[in-house]
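Read off the chains here:
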Amino acid sequence: GLRVVLWLAGCEHHCKNCQNPVTWDPDGGLPFDEAAKAEIYEELDKEYVSGITFSGGDPLLLRNREELTEFLKEIKKNYPEKTIWLYTGYLWDDVQDLELIQYLDVLVDGRFVEELKDNSLPWKGSANQRVIDVQKTRELGQIVLYA
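Draft legend 1. Molecular detail of the pairing of strand β4 (residues 106-109). Alternating residues of β4 divide into V106 and V108 and L107 and D109, and every residue in both groups is buried. In terms of strand pairing, strand β3 (residues 83-87) meets β4 through three bridges, oriented parallel. Of the residues in β4, the one forming a bridge with Y87 is V108.

Draft legend 2. Summary view of the environment of E114. Here E114 is to be found in the loop between β4 and β5 (130-133). A residue is classified by how much of its surface remains accessible, and E114, at 24% relative accessible area, is partly exposed. Along the sequence, E114 and Y79 sit 35 residues apart, while their C-alpha atoms lie 36 Å from each other. Beyond its immediate stretch of four places on either side in the chain, E114 contacts K16 and N17. A distance of 3.2 Å separates polar atoms of two side chains, one belonging to E114 and the other to N17.

Draft legend 3. Fine view of the packing of aromatic side chains. One pass over the structure, following the stated rule, counts seven aromatic pairs. Relative to Y146, the ring of W123 lies with its centre 5.2 Å away and its plane at 65°, an arrangement referred to as edge-to-face. Placement of W123 in the loop between β4 and β5 and of Y146 in the segment after α4 (134-140) is noted, with a sequence separation of 23 residues between them. A connected cluster of aromatic rings, assembled from ring pairs, spans F32, Y41, F54, F71 and Y79.

Draft legend 4. Representation of the environment of C15 in the model. Note on placement: C15 falls in the loop between β1 (2-8) and α1 (34-44). Taking the relative accessible area as the measure of exposure, C15 reaches 13% and is therefore buried. For the pair C15 and P31, spaced 16 residues apart in the sequence, the C-alpha separation amounts to 24 Å. Ignoring anything within four residues of it in the chain, the contact list for C15 reads W24, R111 and F112.

Draft legend 5. Broad picture of the nonpolar core. L44, I52, F54, L68, L72, I75 and L104 are the most contacted members of the largest nonpolar core, which has 27 residues in total. Top element by residues in this core is helix α2 (residues 65-78). It accounts for four residues. If near-sequence neighbours (up to four positions away) are discounted, L104 is found in contact with L72, I84, L86, V134 and Q135.

Draft legend 6. Structural context of the side chain of T69. Mapped onto the elements, T69 comes out in helix α2. Classification of T69 as buried rests on a relative accessible area of 8%. Contact partners of T69, with chain neighbours within four places excluded, come to E99, L100 and Y103.

Draft legend 7. Looking closely at the pattern of salt bridges. As enumerated under the stated definition, the model contains nine salt bridges in all. Between K37 and E74 there is a salt bridge whose closest N-O contact spans 3.1 Å. On the criterion of sequence distance, the pair formed by K37 in helix α1 and E74 in helix α2 is long-range, its members being 37 residues apart. With its nearest N and O atoms 3.0 Å apart, the salt bridge here joins K46 to E43. Taking relative accessible area as the criterion, K46 reaches 26% and is therefore assigned partly exposed. Taking relative accessible area as the criterion, E43 reaches 27% and is therefore assigned partly exposed. A network of salt bridges, in which partner residues are shared, links E34, K37 and E74.

Calculation criteria
- Residues numbered from 1 in each chain as written.
- Predicted model: local features only at pLDDT ≥ 70, side-chain atom pairs only at ≥ 80, totals over all residues.
- Heavy atoms only, no water.
- Buried < 20%, exposed > 50% of the residue type's maximum accessible area, 1.4 Å probe, protein only.
- Helix = DSSP H or I, 4+ residues; strand = E, 2+ residues; numbered from the N terminus.
- Pairing = 2+ DSSP bridges.
- Contact = heavy atoms within 4.5 Å.
- Polar contact = N/O pair within 3.5 Å; in protein donor to acceptor, adjacent residues only side chain to side chain.
- Phe/Tyr/Trp six-rings, centres within 6.5 Å; stacked < 30°, edge-to-face > 60°.
- Core = buried A, V, L, I, M, F, W, Y, C linked by side-chain atoms within 4.5 Å.
- Salt bridge = Lys/Arg side-chain N within 4 Å of Asp/Glu carboxyl O.

Below, the structure is given as structure tokens:
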């Protein structure tokens, strides 16, 4: 299905040959205001939109986390049938205890590594990254990859 995507500004990973280095500047981009939120909700209201994906930059940059947590909570409450995906350069072990994790369906973790780039991999750019089924992982207490 189709998805809404929100790119968050700010990234400290600076991966070699990043697909989106313009998002590294934490003060770049446009402010996330009520109009932007309303636009996202308008898209999520569409039946054929299956969910929302957060990318960047890195959505889990420390300064993004508080506001992002509140937004994820709202989305999950208002659109429980929509899936929430998030891409981060951080590893699962480093972020699994964050409050916002409970609102995610899929987390793609790990930095992009140019030497491990593989365009045939679904949903990720390099072989070191993992596409994690967050809810099953939380339930079982061990990483379960999304299939």
